[in-house]
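# Remarks on the overall topology
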Amino acid sequence: MQNRRQVLRGALAVASAGLAGCPGGDGGGGTPSEATFTDPCESAGDLSEESDTDRLGTDDTNTEHFVHPDGSTDEVRYVRTTTEDAAIVYALGGELREATAQFHWHEGEGGALELEESADGGASWTAVDASREEYGEVSASWHHAEVVGSFSEGVDRCRFVLTGGSEAWSGQLGHVEIAWLDDGTTATEGPTLEPTATATPVPTMTPIDGSADDVVFDHFVETDGSDFVVDGEPAYFSGGNHPQVSRHDGGVSADELLSTWSDLVSGLNVMRVPAFGEGEDNYLQPAPGLFNEAAFELLDRVVYQFGRHGVRLVMPLANYWDWNGGIPQYLEWIDGAEKADFYTDEESIEWFRGFVETLLERENTVTGVKYKNDPTIMLWELANEPRVGEAGYDTYKEWVRSTAEFIKDVDDNHLVSTGMEGFYDGDGPVGDDPTRYVETHRIDAIDACSYHLYPDAWGLSDEEAVDWIRDHTRDAHEKVGKPAYCGEFGVEVDRTDDVDDSEELAVRNETYERWYEALVESGTDATMVWDLRNESEYEWTSPWNLHAIYPRDEGTVAVLDEYTQRIRGLEDEG
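Right, let's walk through the structure included here. Given the structure is predicted, the values throughout are model-derived calculations rather than measurements.

### Digging into the environment of Ile567
- Take Ile567: it is sitting in helix H13 (residues 554-573).
- Ile567 sits in the buried class, given a relative accessible area of 1%.
- Contact partners of Ile567, with chain neighbours within four places excluded, come to Tyr236, Phe237, Ser238, Tyr516, Val520 and Thr527.

Structure representation (C-alpha cells):
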C-alpha cells in the first residue's frame, strides 16, 4: 500500500512544481511510449494541489453495493464532503489520450460526473464528450456506469468533476485509468517509503465561519457523589449515538444531524461520537504516530457544532471491535496475536497514549480551544466496549487504572469512564467476560459507571432487560457511589425481511417505553440510544443497521421525545 501511495503522489503532483509522471524511465527523453496510469481512488490526500481536496474525501463503507463491470468491487471511492462541485485533476507530464472511470450514484439523491480537458496547463477547461454506459444491477438504490472519454490532441491534463445531487455522498468516483504518452523526461525519484511520526501533509478544509463565542457551554460536567452536576446543580442527559458523523465518509454533517434531532426530540442534550480511527488514510491515525490533519479538522468541526447546538459529547478513544481501526489495528501494527496484547505491549501502549495526548492537547481550528479545555465534551471513554478477553482480569483492571490516570494527568477537566457493556463476573444473565462492573468502576480515576443493553444479541428476556437497567443503576449509586449511564441500547428492526416493518416498530416502541420507564424510575443519570440517523442516510444504512432510528419512525421518535423530557425533568426533582 505504501508503494502505491508514493507512486500516486508522484504521478498527481502539479507540473509547475516539477513533478509530473510516474517514477520510472531513464530521465533522458526519447520516443514517447504509451502508458496507463491507474488511481484506485483510495486517498484524497494523495491528489494534486489543483484538485479540490478541501471538498473531497473517501468512502470505504458498504462496498458490496459498488461494483466494477467484471463484478469486483470498488473498495474505496472519492466522494465530496460538501454539495459543492469538486474536481479531481490528473496531470501526468505527457499528452493524455483517454480516460476511463467507474461512477456510482444514488437513485434517490442523484449526482453526476463530468469529464473535462485542458491543453494549457489548467488555464482553461473544455468539456469532453464522454460516453456513459450503465452496467450491473441496482443495489440498495445505487446505480453504476462506466465513463469513457477520448481527449483532443495536445491535452496535458484532465479532470473529473463530481456535481449535482442533493447530498454530498450521492455521487462517487471509483477506479480511474488514464492512457497517456510518456517520454521519460519528467520522472522524479519518489519520496522515502518510511513514515515519520509527524502529521500527514494533507490540505486543509474550507474555512468555517465560527468561534468559541458560538459555544453555549460555560461549565464542565462534573460529579457529586452519584450525580452528574453542572455548576453545582444536578444534571441528567438523554440523547443517542452516531458512529460515523466524525468521519469524512459519514454521510451527514454534525450540523445536519443536530438540526434534525434537536427539533424532533425536545431537550436532547448528549450524543456519543467516536474520537478514534486507525489504519486508513482518511482516519485520524493512518499509521503509528502518523496523524491526519484533515481528519482532525473534521473532528474540530464536529465538536464545534455540538457546542453551538448545546449538545454534550461522550467520546470513546478506541474500539475493542474491528471497526474504524480499533484495537485490532493496533494488534496488526505490533503483530499481536490476542487483543490482550493491546493492554500490555509497550509499543501499543505508547502509540495509543501518543494519540490520546495529541487529541487532548490539540487546539480546535474553529474555536481555538484545546480539547482538554472544551466543556462541550462531557466525558472520555477509554474504549468502546472493552473486554477482558484472554488478558485476565488483573491485567485488564491495571490497564483501565493506568490509562484513566494517564488521561487525568493530561486533562484534569473532563470526566473519564470505561465505555464497558456492564458485564459482571460470569454469574449474571449475560456472557462470561469478567469485566466486573462494580469492581472496575470503583477505580479512583473512573468517574462514572458505563453499561449497555442489547437483549436481542444477549438473549435477555423482557423482564431481565428491565432488571439490567435497575441493577446497574442501583449498583452504581449504592455500591460504587458514582453516576450510572447507559451508553448504548437498542432493539432490532429488520427492514429487509418479509415482516411488516410497522409490526416490528410497534414492538420496539413498546419495549423502549418499558426501558425508559425503568431508566426514569431508577434514576439513571444519562441515556444514549443506538442510533439516531437522518432521513438522507436511510437508503444506505437501513439494509444493515437494524437498530437505526430515522425521522420517519414517528412512534419511536415520540417515545424518545416524551422520555427525554421526563429524564431532563429529574433535574428539577434533584
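Additional details are given in the paragraphs that follow.
### Focus on helix H4 (residues 326-334)
- Of all 9 residues making up H4, 8 are buried, and the element is well covered by its neighbours.
- Gly326, Ile327, Pro328, Gln329, Tyr330, Leu331, Trp333 and Ile334 are the residues of H4 that are buried.
- Contact partners of the buried residues in H4: helix H5 (340-344) and helix H6 (346-361).

### Observations regarding the sheet that holds strand S24 (residues 526-529)
- The strand order S21-S20-S19-S17-S16-S24-S23-S22 describes an open sheet built from 8 strands, whose pairing is parallel. On the outer flanks of this sheet lie strand S21 (415-417) and strand S22 (449-453), each paired with one strand and no other. Each strand axis lies, on average, 20° off the axis of its neighbour in the sheet, ignoring direction.
- Bridge count between strand S16 (residues 237-241) and S24: 4 bridges; the pairing is parallel. Pairing of Ser238 across the sheet is with Thr527, part of S24.

### A closer look at helix H10 (residues 462-480)
- Here H10 contains 19 residues, and its C-alpha end-to-end distance of 26 Å stays within 8% of the 27 Å for a straight helix at 1.5 Å per residue.
- Within H10, the full set of buried residues consists of Ala465, Val466, Trp468, Ile469, His472, Thr473, Asp475, Ala476 and Val480.
- Residues of H10 that are buried in the fold lie against helix H8 (437-441), S22, helix H9 (455-458), strand S23 (484-489) and helix H11 (501-522).
- Gly481 sits one or two positions beyond H10 and adopts a positive phi of about 80°.

### Description of the nonpolar core
- Membership of the largest hydrophobic core comes to 96 residues, with the highest contact counts inside it found for Trp261, Phe306, Trp380, Ile407, Tyr512, Trp515 and Tyr516.
- Tallying contributions element by element places helix H7 (residues 393-410) first for this core, with 8 residues.
- Leaving out residues up to four positions away in the same chain, Trp515 has contacts with Leu453, Pro455, Ala465, Val466, Ile469, Phe489, Gly490 and Val491.

### Here's the deal with the packing of aromatic side chains
- Counted under the stated rule, the structure contains 32 aromatic pairs.
- Measuring from centroid to centroid gives 5.9 Å for Phe37 and Tyr90, while their planes differ by 55°, and the two rings are tilted. Residue Phe37 is found in strand S1 (residues 33-39), and its partner Tyr90 is found in strand S4 (residues 86-90); the two are separated by 53 residues along the sequence. The residues Phe37 and Tyr90 share a single accessibility class, namely buried.
- Seen from their ring centres, Phe291 and Phe355 are 6.4 Å apart, and the 40° between their planes marks the pair as tilted. Taken as a pair, Phe291 in strand S18 (residues 291-292) and Phe355 in helix H6 lie far apart in primary sequence, 64 residues in all.
- Its relative accessible area of 14% is what places Phe291 among the buried residues.
- Within the aromatic cluster, the residues linked to one another by ring pairs are Tyr330, Trp333, Phe342, Tyr343, Trp351, Phe352, Tyr393, Tyr396 and Trp399.
- Here the guanidinium or amino end of Arg552 rests over the ring plane of Tyr538, the centre of that ring lying 3.6 Å away.

### Some points on unusual backbone geometry
- A cis amide bond links Trp530 with the next residue in sequence, Asp531, at an omega value of -20°.
- With respect to the element layout, Asp531 can be found in the loop between S24 and helix H12 (538-541).
- A positive phi angle, near 65°, is found at Cys41, a position not held by glycine.
- In this structure, Asp335 takes a positive phi of about 55° despite not being glycine.
- Relative to the helices and strands, Asp335 resides in the loop between H4 and H5.

### Let's talk about the environment of Glu363
- Inspection of the secondary structure puts Glu363 in the loop between H6 and strand S20 (377-381).
- Take Glu363: its relative accessible area is 48%, and that puts it in the partly exposed class.
- Spatially, the C-alpha atom of Glu363 lies 8.6 Å from that of Asp300, the residues being 63 residues apart in sequence.

### Topic: empty space enclosed by the protein
- In the structure shown here, the tally under the stated rule is 5 cavities of 30 Å³ or more.
- Estimated volume of the second largest cavity: approximately 80 Å³.
- Taken together, Ser246, Arg247, Pro274, Ala275, Phe276, Gly277, Asn282, Tyr283, Leu284, Ala295, Leu299 and Asn324 make up the full set of residues lining the second largest cavity.
- Here the lining of the second largest cavity is composed, by residue class, of 7 nonpolar, 4 polar and 1 charged.

### Observations regarding the sheet that holds strand S7 (residues 126-127)
- Strand order across the open sheet formed by 4 strands is S4-S10-S6-S7, with antiparallel pairing between neighbours. In this open sheet, the two strands that pair with only one neighbour each are S4 and S7.
- Across 2 bridges, strand S6 (residues 112-118) lies against S7 in antiparallel orientation. Paired with Glu117 across the two strands is Thr126, which belongs to S7.

### Overview of the pattern of salt bridges
- One pass over the full model with this rule turns up 31 salt bridges.
- The salt bridge partner of Glu381 is Arg272, with a shortest N-O separation of 2.9 Å. Taken as a pair, Glu381 in strand S20 and Arg272 in strand S17 (residues 270-272) lie far apart in primary sequence, 109 residues in all.
- With relative accessibility at 0%, the residue Glu381 sits in the buried group.
- Its relative accessible area of 4% is what places Arg272 among the buried residues.
- Across the pair Asp475 and Arg474 runs a salt bridge whose closest N-O atoms are separated by 3.9 Å.
- Taking relative accessible area as the criterion, Asp475 reaches 4% and is therefore assigned buried.
- For Arg474, a relative accessible area of 37% gives the class partly exposed.
- Each of Asp471, Arg474, Asp475 and Lys479 takes part in a single network of salt bridges with overlapping partners.

Conventions used here
- Residues numbered from 1 in each chain as written.
- Predicted model: local features only at pLDDT ≥ 70, side-chain atom pairs only at ≥ 80, totals over all residues.
- Heavy atoms only, no water.
- Helix = DSSP H or I, 4+ residues; strand = E, 2+ residues; numbered from the N terminus.
- Buried < 20%, exposed > 50% of the residue type's maximum accessible area, 1.4 Å probe, protein only.
- Contact = heavy atoms within 4.5 Å.
- Pairing = 2+ DSSP bridges.
- Axes fitted to C-alpha atoms, helices over the stretch in contact; angles between N-to-C directions.
- Expected span 1.5 Å × (residues − 1).
- Core = buried A, V, L, I, M, F, W, Y, C linked by side-chain atoms within 4.5 Å.
- Phe/Tyr/Trp six-rings, centres within 6.5 Å; stacked < 30°, edge-to-face > 60°.
- Lys NZ or Arg CZ within 6 Å of the ring centre and 35° of its normal.
- 1 Å grid on protein atoms, 1.4 Å probe; cavity = no way out; pocket = protein on both sides within 12 Å on 5 of 7 lines; lining within 4 Å.
- Points joined across faces, edges and corners; volume = space filled by probe spheres on them.
- Nonpolar A, V, L, I, M, F, W, Y, C, P; charged D, E, K, R; others polar.
- Salt bridge = Lys/Arg side-chain N within 4 Å of Asp/Glu carboxyl O.

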